[in-house]
Structures are given as C-alpha cells and as structure tokens.
Amino acid sequence: MAEQTTVRPTVRRSPLALAADRLADVAAATGGAVSIAEVPFLAQLNLRLDPKGPAADAAGKELGVALPTAAGVAARAGELTIAWLGPDEWLVIGPAGGEGDLEARLRSALGTGHPAVVDVSAQRTVLELSGPRVRDLLAFGCALDLHPRSFSEGACAQTRLAQAQVVLIARESGAFWVLVRSSFASYLADWLIDASVEFTGPQA
Amino acid sequence: MMLISCPWCGPREEAEFHYGGQAHVSYPEDPSALSDEEWARFLFYRDNPKGPFAERWNHSASCRRWFNVIRDTVTYEILAVYPVGTPKPVIA
C-alpha cells in the first residue's frame, strides 16, 4: 500500500515578517509622525548595460521610460521604478511576483549588446516610511542631506543608514522606500523602531 | 571625517569609501623580465609624500566605482578628483 504523502504549501516568509507588528506599532506610538511598513517580495532586477548603446534604448522602450542617466534619479513608469545605481547599473523594482515575467521581457528586448539582467528580488526587502517626521528619523542614521530641496520625489541614493548599506528612494507624498539587504533587515527595523522613540510623547 | 566628492554620486562622507593606495602604479610591461628586486619594488614600494598625493578610492557603499583623488597628506584637503585612466592633474 502506497504511503500517503502530504504536500506542504510553499511557505514564503519575508525578512521582516516577524517584525511586522512592532513596525505597525510605530505609527500609533509616534502619533502618526512616522509610519513604517514592510513592502515584501517586490520584484527587483539588476540591470547592467552600456548607457550609450542600443540596449539602453531598447530597455527604455520595454520599461516605458528611458533609463535615468543622471546620478541619483529614480524614474517611474506605471508600477515600475527604475533606480540609478551607477553609470551602467540600474535597479528595476516592480510588483511582487512579477520578476520572472519582467526578466524574460527585458532579456528578449535587450538582444545581444552584452546586457546583464539578474533577478535580485531576494537580495533586499523594502521598507516604506511615511509621515511628517520621516526625514528627521532617517537623518539620525544617514549623512545625506535629506531636505526636500535636495532629496525630493524621484531622488534615489545608495548610502548607509545606521551603518547598513541601503538604497533610499524618495516617493510621492513625502514617503521613502528603504531597500535593505535581507540579512540586515531585522537590525535596521530594530534601529528604526528605536530611533522613532524620539517622536513619541507630548512634544512630538 | 573627510568629505570626498565621488565623480558620480557627489560629496559623501569618508566612511562610504574604500581606500585603494597610490594611483598611477602601472603593471610592468613584461613581468617575467623583472628581477626579484624590481618585482618587489612594483609590489610593495609606494611613495609616502608629505603633501599632495595621488591615490585611488572606491565608492564602496554606493556606486562601487574606482576613481582617483589628489589629497594633501598634511591637511587632508582634497585637491582634485578625476576618473581612472586620465592623467594626473597638475596641482599648482
């Protein structure tokens, strides 16, 4: 008699799944000054190609927006965000679960100009920070000038936040995306929760 | 803490960078023809000036690109930043 086997559903847990409750508490504790939430499993593709070659134009057409060639710019095209990481390197961020399709589309569009499209979705997780004091919170651990005049919507930067390497992206309505490596995510979440204590209490 | 201007990312704090030693040390044309002493001189001997010094830096926490910097070793003032492969600018 054949033994009965149970097929377990695929268990996928985001790097900050265990911190979700504590992150959600920050908004209440700070009276809405800062809200933090993980945006798990976003599709992330590392794109490397010659910015002056035909592949750059092809990538722009496929993504719906030209690859940003200026340093520190994140372009948007619908649900996609294309962040400048270096003179020949970009990070394409899309909706969760879309990495396979997006990678295939880019690969077929780019052809043979020695482009590299690598699925790095598992490399980093995304924290979304919003609220009126979010720039002050980030400034506790980041040396960049985060004032809206120098870091407004559409800006991105790779830098260090509390010594952890992150990609910062300024989003609409004063929100920020912080992309942090999965292995640093729980540390950074702890640090953010601790730093947000500054905005609790009557003076906040 | 030095403020170093990355040619791509702009001014960033020193902690984001990785030091790469003296710039413009070219690999020998024919390494096999070198004597042990000449090889050791290429590998280990570096200038140690008091004053402007051309050196390599890597923006390791951001764009991960190498570039050259002329830094005054006395004042730590950055006198020039220029891409790899370009000649050393003349510092008056």
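What counts, and at which threshold
- Residues numbered from 1 in each chain as written.
- Chains lettered and ligands numbered in written order.
- Predicted model: local features only at pLDDT ≥ 70, side-chain atom pairs only at ≥ 80, totals over all residues.
- Heavy atoms only, no water.
- Contact = heavy atoms within 4.5 Å.
- Buried area = accessible area lost by both parts, 1.4 Å probe.
- Salt bridge = Lys/Arg side-chain N within 4 Å of Asp/Glu carboxyl O.
- Nonpolar A, V, L, I, M, F, W, Y, C, P; charged D, E, K, R; others polar.
- Axes fitted to C-alpha atoms, helices over the stretch in contact; angles between N-to-C directions.
- Helix = DSSP H or I, 4+ residues; strand = E, 2+ residues; numbered from the N terminus.
- Parallel < 35°, antiparallel > 145°, perpendicular 65-115°, else oblique.
- Left-handed = near helix turned anticlockwise from the far one by under 90°.
- 1 Å grid on protein atoms, 1.4 Å probe; cavity = no way out; pocket = protein on both sides within 12 Å on 5 of 7 lines; lining within 4 Å.
- Points joined across faces, edges and corners; volume = space filled by probe spheres on them.
- Expected span 1.5 Å × (residues − 1).
- Buried < 20%, exposed > 50% of the residue type's maximum accessible area, 1.4 Å probe, protein only.
- Pairing = 2+ DSSP bridges.

Asker: How should the interface of chain B and chain A be read in this particular structure?
Answerer: Reports of interface size often rely on the accessible area that becomes lost once the parts have come together. Contact with chain B, which involves 12 residues of that partner, is made by 15 residues of chain A. Summing both partners gives a buried area of about 1000 Å² for chain B against chain A, and 43% of it is carried by carbon and sulfur. One can count 3 salt bridges joining chain B with chain A. Between glutamate 89 of chain A and arginine 64 of chain B there is a salt bridge whose closest N-O contact spans 3.0 Å. Its residues assigned to classes, the side of chain B that touches chain A shows 5 nonpolar, 2 polar and 5 charged.

Asker: How should the packing of helix α2 (residues 54-63) of chain A against helix α3 (residues 99-110) of chain A be read in this particular structure?
Answerer: In a pair of packed helices, the angle between the axes and the distance between the axes together describe the arrangement. Residues and elements named next belong to chain A. The interhelical angle for the contact between α2 and α3, taken along N-to-C directions, is 140°, at an axis separation of 9 Å. Judged by the inter-axis angle, α2 sits oblique to α3. Where α2 crosses over α3, the handedness of that crossing is right-handed. Here Ala55, Ala58, Ala59, Glu62 and Leu63 of α2 come into contact with α3, specifically with Leu102, Arg105, Leu106, Ala109 and Leu110.

Asker: Is there a simple way to think about the layout of surface pockets in this case?
Answerer: Any empty space left between the atoms is revealed when a probe the size of a water molecule rolls over them. One number sums up the size of the largest pocket: a volume of about 220 Å³. Forming the boundary of the largest pocket are 15 residues, of which Leu144, Cys156 and Ala157 of chain A together with Cys9 and Arg12 of chain B lie nearest the centre. For the lining of the largest pocket, the element with the highest residue contribution is strand β8 (residues 156-161) of chain A, accounting for 3 residues. Considering only residue class, the lining of the largest pocket consists of 9 nonpolar, 4 polar and 2 charged. Taken as a whole, the second largest pocket encloses approximately 160 Å³ of empty space. Here the element with the most residues in the lining of the second largest pocket is strand β4 (residues 52-58) of chain B; it accounts for 3 residues.

Asker: Help me understand helix α5 (residues 182-195) of chain A, please; the structure alone is not making it clear to me.
Answerer: Owing to its 3.6 residues per turn, the α-helix aligns residues three or four sequence positions apart on the same side. Its 14 residues give α5 of chain A an end-to-end C-alpha distance of 20 Å, which sits within 8% of 20 Å, the value for a rise of 1.5 Å per residue. Looking only at α5 of chain A, the buried set comprises Ala185, Leu188, Ala189, Trp191, Leu192, Ile193 and Ala195 of chain A.

Asker: Is there a simple way to explain the sheet that holds strand β9 (residues 164-170) of chain A in this structure?
Answerer: Residues and elements named next belong to chain A. One open sheet accounts for 5 strands, arranged β1-β7-β10-β9-β8; its pairing is antiparallel. If you trace the sheet from one side to the other, it starts and ends with β1 (35-39) and β8, each paired once. Mean inter-strand twist for the sheet, computed between neighbouring axes without regard to direction, equals 30°. As paired strands, strand β7 (residues 124-130) and strand β10 (residues 176-181) are joined by 6 bridges and run antiparallel to one another. When the sheet's bridge partners are listed, glutamate 128 is paired in β10 with tryptophan 177. Against the sheet, helix α1 (residues 20-29) touches β1 and β7, its axis set at about 155° to β1. Here α5 sits on the sheet in contact with β1, β7, β8, β9 and β10, set at roughly 130° to β10.

Asker: Sorry if this is basic, but what is going on with the pattern of salt bridges here?
Answerer: Between side chains of opposite charge, a pair can form when the charged atoms approach closely. All told, the structure shown has 12 salt bridges over all chains when counted by the stated rule. The shortest N-O distance in the salt bridge between glutamate 55 of chain B and arginine 71 of chain B comes to 2.4 Å. Of this pair, glutamate 55 of chain B sits in strand β4 while arginine 71 of chain B sits in strand β5 (residues 66-72), placing them 16 residues apart in sequence. Like glutamate 55 of chain B, the residue arginine 71 of chain B is buried in the burial classification. Residues joined by salt bridges that share partners form a network here, namely Arg48, Asp88 and Glu89 of chain A together with Arg64 and Arg65 of chain B.

All we've got here are geometric facts, nothing functional implied.
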